[in-house]
Amino acid sequence: MKYPQDKTQVTPCDSPLPELEVPMINSMVACLLSEHRKLNDLIMQLAGAATGLANDPGAVTANERALQVRDEIQHALRSHLQIEDGLVSWGKEHHAISGGLLDIVKNERLEMRKSMGALRVLSSGVDHEPQTDGDRSGIAQTLLALARTLDSHVERYDAEVLPSILRALFH
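These numbers were taken from a predicted model, which means no experiment stands behind them.

*Asks:* I would appreciate a short explanation of the overall build of the chain in the present structure.
*Replies:* A tally of regular secondary structure across the chain gives four helices and zero strands. Helices (α) and strands (β) of the chain occur, in sequence order from the N terminus, as α-α-α-α. Within the chain, the fraction of its 171 residues that count as buried is 37%. At a minimum sequence separation of 6, the contacts of the chain that also span at least 24 residues come to 84%.

*Asks:* Even after reading the chapter, I still don't get the pattern of salt bridges, so can you show me in this structure?
*Replies:* Oppositely charged side chains may form a pair once their charged atoms are brought near each other. According to the stated counting rule, one finds seven salt bridges in the structure shown. Among the salt bridges present, the one from lysine 38 reaches glutamate 35, with a minimum N-O distance of 3.8 Å. Of this pair, lysine 38 and glutamate 35 are both found in helix α1 (residues 21-55), three residues apart, which corresponds to roughly one turn of the helix. Note on glutamate 35: relative accessible area 24%, which makes it partly exposed. One salt bridge in this structure joins arginine 65 and glutamate 72, with 3.7 Å as the shortest N-O distance. Assessed through its relative accessible area of 30%, arginine 65 is described here as partly exposed. In this structure glutamate 72 comes out as partly exposed when scored by relative accessible area, which is 30%. By sharing partners, the salt bridges in this structure join Glu84, Asp85 and Arg109 into a single network.

*Asks:* Explain the nonpolar core here, please?
*Replies:* What tends to happen in soluble globular proteins is that the nonpolar side chains get buried as a cluster. Counting residues in hydrophobic clusters, the biggest one holds 26 residues, and the most contacted among them are Leu46, Ile73, Leu143, Leu146 and Leu150. Those elements giving two or more residues to this core turn out to be α1, α2 (60-93), α3 (99-122) and α4 (133-169). Per element, the largest residue contribution to this core is eight residues, and it comes from α4. Setting aside residues no more than four positions away along its own chain, leucine 143 makes contact with Leu46, Ala50, Ala66, Arg70 and Leu119. Residues Leu32, Leu87, Ala96 and Val105 belong to the second largest nonpolar core, which totals 16 residues.

*Asks:* Just to check I follow, could you spell out the environment of tryptophan 90 for this structure?
*Replies:* If you trace the backbone, tryptophan 90 turns up in helix α2. Take tryptophan 90: its relative accessible area is 6%, and that puts it in the buried class. Between the C-alpha atom of tryptophan 90 and that of leucine 169, which follows or precedes it by 79 residues, the distance is 9.9 Å. In this structure the side chain of tryptophan 90 is engaged in a polar contact, spanning 2.4 Å, whose partner is the side chain of glutamate 21.

Definitions and limits used
Residues numbered from 1 in each chain as written. Predicted model: local features only at pLDDT ≥ 70, side-chain atom pairs only at ≥ 80, totals over all residues. Heavy atoms only, no water. Helix = DSSP H or I, 4+ residues; strand = E, 2+ residues; numbered from the N terminus. Buried < 20%, exposed > 50% of the residue type's maximum accessible area, 1.4 Å probe, protein only. Contact = heavy atoms within 4.5 Å. Salt bridge = Lys/Arg side-chain N within 4 Å of Asp/Glu carboxyl O. Core = buried A, V, L, I, M, F, W, Y, C linked by side-chain atoms within 4.5 Å. Polar contact = N/O pair within 3.5 Å; in protein donor to acceptor, adjacent residues only side chain to side chain.

In structure tokens:
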């Protein structure tokens, strides 16, 4: 004799996604892809400004431009990272993203925070004390590290994370 399956044992992944979840997740993925195009432009500007600053640490305009682009990226990342966090959480819950990829994404996020924290420390006296060429060189190196991390992060999301989420969404 067969017993009906107990409904309490059914996991969320055993049934179709709720009707509104598919368009919501799909819209978030589309939003991130669009944001990544804008972020790529800012990353290029950041790398260019940092390179200019590294080549001529005494150039005040290069320093100002580098810090301006850093501020633009900080502003863009606030909501962007929240959306990414939501998608990664959904992907983790639905087993769409491998553990290895989750670890890589987590480490990239830590690198971003580390670079942003270092930039805050390095540029904290910008308005109060004159910066030395060494200070500007340190800022340039940190900005370049941030640009590399962001570039890698965007590339990984576009090539691995977002496609994994879409495959799970439309599976």
